[in-house]
Amino acid sequence: MLRLPTFTYLEPRTLAQALAQKRDAGPAASYVAGGTDLYPNMKRRQQEPRTVISLMRIPELARSAMGEEGAGAGAVVGSCLTLTALGEAPGLRQRYPALVRAAAFVSTPLLRNMGTLGGNLCLDTRCNYYDQTYEWRQAIDFCMKKDGAICWVAPHSPRCWAVSSSDTAPVAVALRAQLKLISAHGERTVDAGDFFRDDGIEYLSRRPDEILASIEMPLYAGWRMTYQKLRRRGSFDFPILGVAAAARLCDGVVEDVRLVLGAVGSSPVDQSELARSLINQRPSFEAVKA
């Protein structure tokens, strides 16, 4: 049985408390939301924080707000809203079915009850060599992602090729979501496309002292969207391929399209420009008749 290492657990009730506790604990501290990714990683000694600061008791991180449709506002979703709660929110189901569908594909109902939107967006990259017990990794020699100096996927590569396996990340990129990050130094907002990095180790642009507080999405009136997931098992599995797609239609004609792939690299791969170029090359109706 894998056991958690010894650590100090803190439950701040406000963002200010959480930021202060992280400042006091320093680099040896880590934030946690639902813990469905961090705690298994700690059991495998992939991550070894001495202090774990839970964000789940901070009310403002679990709220969602829908803007008035006529005003053109979209939605702001707190990072600690659970994946189950996200799927049960009528406004989100109506306006952002791709995000709700992606959340429903994550793991199992029990883990979706604990796992959060922010946690899934910040999901650690995965690799068959990295996602093993400490003893297994020690036996083959550690990899560069943790304790070693080699990528066992591509031994001559200068970088880590661990893969982004978040289901919600491709949707966030496709919907051009804005992610609000808060630290003791202030706030900043980044595009979802800039939040993820094509690097198996440094896979996020979020600094360790920053909290992902909320995800803001524009209103997509006149758009249709979906998320499709290819996996080995019909349930409870990480994606081999995830596809987030959104299209704006006018009288049955596609005017704009978004296409983002997941689980094919260390970050979501935006193929929207390629999709648009293919649409622009389609033959006209008159040319087809001729």
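The structure we're discussing is the one just above.
Participant: Give a description of the pattern of salt bridges that names residues and reports values.
Facilitator: Evaluation of the coordinates by the stated rule reveals 19 salt bridges. D124 is the salt-bridge partner of K145, the closest N and O atoms lying 3.0 Å from each other. Of this pair, K145 sits in the loop between helix 8 (134–140) and helix 9 (168–174) while D124 is found in the loop between helix 7 (117–121) and helix 8, placing the two residues 21 residues apart along the sequence. Across this residue pair, the class does not change: K145 and D124 are buried. Among the salt bridges present, the one from R276 reaches E273, with a minimum N-O distance of 2.9 Å. On the criterion of helical spacing, the pair formed by R276 and E273 is a turn pair, its members being three residues apart in helix 11 (residues 272–280).

Participant: Requested: an account of the pairing of strand 11 (residues 253–262), with residues and values cited.
Facilitator: Sheet topology note: the strand 10 (residues 241–250)/strand 11 ladder contains nine bridges and is antiparallel. Directly across from A247, in strand 11, lies its bridge partner V257. Two elements, strand 11 and strand 12 (residues 269–270), share two bridges in a ladder whose sense is antiparallel. By the bridge assignment, V260 is partnered in strand 12 with D270. Remark: six residues form the turn of the hairpin made by strand 11 and strand 12, two consecutive strands paired antiparallel; A263 in that turn has positive phi of roughly 70°.

Participant: Account for the pairing of strand 2 (residues 29–32), naming residues and giving values.
Facilitator: What you see with strand 2 is no split at all: A29 and Y31 on one side and S30 and V32 on the other are buried throughout. Pairing of strand 2 with strand 3 (residues 51–54), which is carried by four bridges, proceeds in the parallel orientation. What sits directly across from Y31, in strand 3, is I53. Read from strand 2 through helix 2 (residues 38–43) to strand 3, the crossover connection turns out right-handed.

Participant: Give me the packing of aromatic side chains: which residues, what numbers.
Facilitator: In the structure shown here, the tally under the stated rule is six aromatic pairs. Both rings, one in F7 and one in Y39, keep their centres 6.4 Å apart while their planes meet at 25°; by these two values the pair is stacked. With a gap of 32 residues between them, F7 in the segment before strand 1 (8–10) and Y39 in helix 2 connect regions that are remote in the sequence. A relative accessible area of 22% means that F7 is categorised as partly exposed.

Participant: Could you give an account of the sheet that holds strand 6 (residues 178–183), with specific residues and numbers?
Facilitator: One open sheet holds the five strands; their spatial order is 4-5-8-6-7, and the pairing between them is antiparallel. The open sheet has two edge strands with one neighbour each: strand 4 (64–66) and strand 7 (186–191). Each adjacent strand pair in this sheet contributes to an overall mean axis angle of 20°, direction not counted. Both strand 6 and strand 8 (residues 211–217) contribute to a ladder of five bridges, which runs antiparallel. Looking at strand 8, one finds that K180 is bridged to S214.

Participant: Tell me what's going on with the layout of surface pockets, and back it up with residues and numbers.
Facilitator: Rolled over the atoms, a probe as big as a water molecule pinpoints where empty space is left. Considering only enclosed or pocket space, the second largest pocket measures out at about 440 Å³ in volume. Together, 17 residues line the second largest pocket, and R126, C127, N128, S165 and R232 are the ones closest to its centre. Within the lining of the second largest pocket, the residues separate by chemical class into 10 nonpolar, three polar and four charged.

Participant: Describe the side chain of S267, and please don't skip the residues or the numbers.
Facilitator: Tracing the sequence through the fold places S267 in the loop between strand 11 and strand 12. Overall, the relative accessible area of 10% leaves S267 in the buried class. Beyond its immediate chain neighbours, meaning those up to four positions away, S267 contacts S164, F196, R197 and D198.

Participant: Any chance you could break down helix 11 for me, citing the residues and the numbers?
Facilitator: Residues of helix 11 that are buried: S272, A275, R276 and I279. Relative to the axis of helix 11, the buried residues are bounded by an arc of 100° and lie together on one face. Among the exposed residues of helix 11, those pointing more than 90 degrees away from its buried face are E273 and L278. Of the surrounding secondary structure, the elements contacted by the buried residues of helix 11 are strand 11 and strand 12.

Participant: How would you summarise the state of the cysteines if you had to cite specific residues and measurements?
Facilitator: Taken as a whole and judged by the stated rule, the model has zero disulfides. Residue C127 stays outside any disulfide, its sulfur separated by 6.1 Å from that of C143, the closest cysteine. The exposure class of C127 is buried, given its relative accessible area of 17%. Here C160 is not disulfide-linked; the sulfur of C151 is the nearest cysteine sulfur, at 5.5 Å.

Thresholds applied
- Residues numbered from 1 in each chain as written.
- Predicted model: local features only at pLDDT ≥ 70, side-chain atom pairs only at ≥ 80, totals over all residues.
- Heavy atoms only, no water.
- Salt bridge = Lys/Arg side-chain N within 4 Å of Asp/Glu carboxyl O.
- Helix = DSSP H or I, 4+ residues; strand = E, 2+ residues; numbered from the N terminus.
- Buried < 20%, exposed > 50% of the residue type's maximum accessible area, 1.4 Å probe, protein only.
- Pairing = 2+ DSSP bridges.
- Right-handed = clockwise from strand over helix to strand, strands pointing away.
- Phe/Tyr/Trp six-rings, centres within 6.5 Å; stacked < 30°, edge-to-face > 60°.
- Axes fitted to C-alpha atoms, helices over the stretch in contact; angles between N-to-C directions.
- 1 Å grid on protein atoms, 1.4 Å probe; cavity = no way out; pocket = protein on both sides within 12 Å on 5 of 7 lines; lining within 4 Å.
- Points joined across faces, edges and corners; volume = space filled by probe spheres on them.
- Nonpolar A, V, L, I, M, F, W, Y, C, P; charged D, E, K, R; others polar.
- Contact = heavy atoms within 4.5 Å.
- Arc of directions from axis to C-beta.
- Disulfide = S-S within 2.5 Å.

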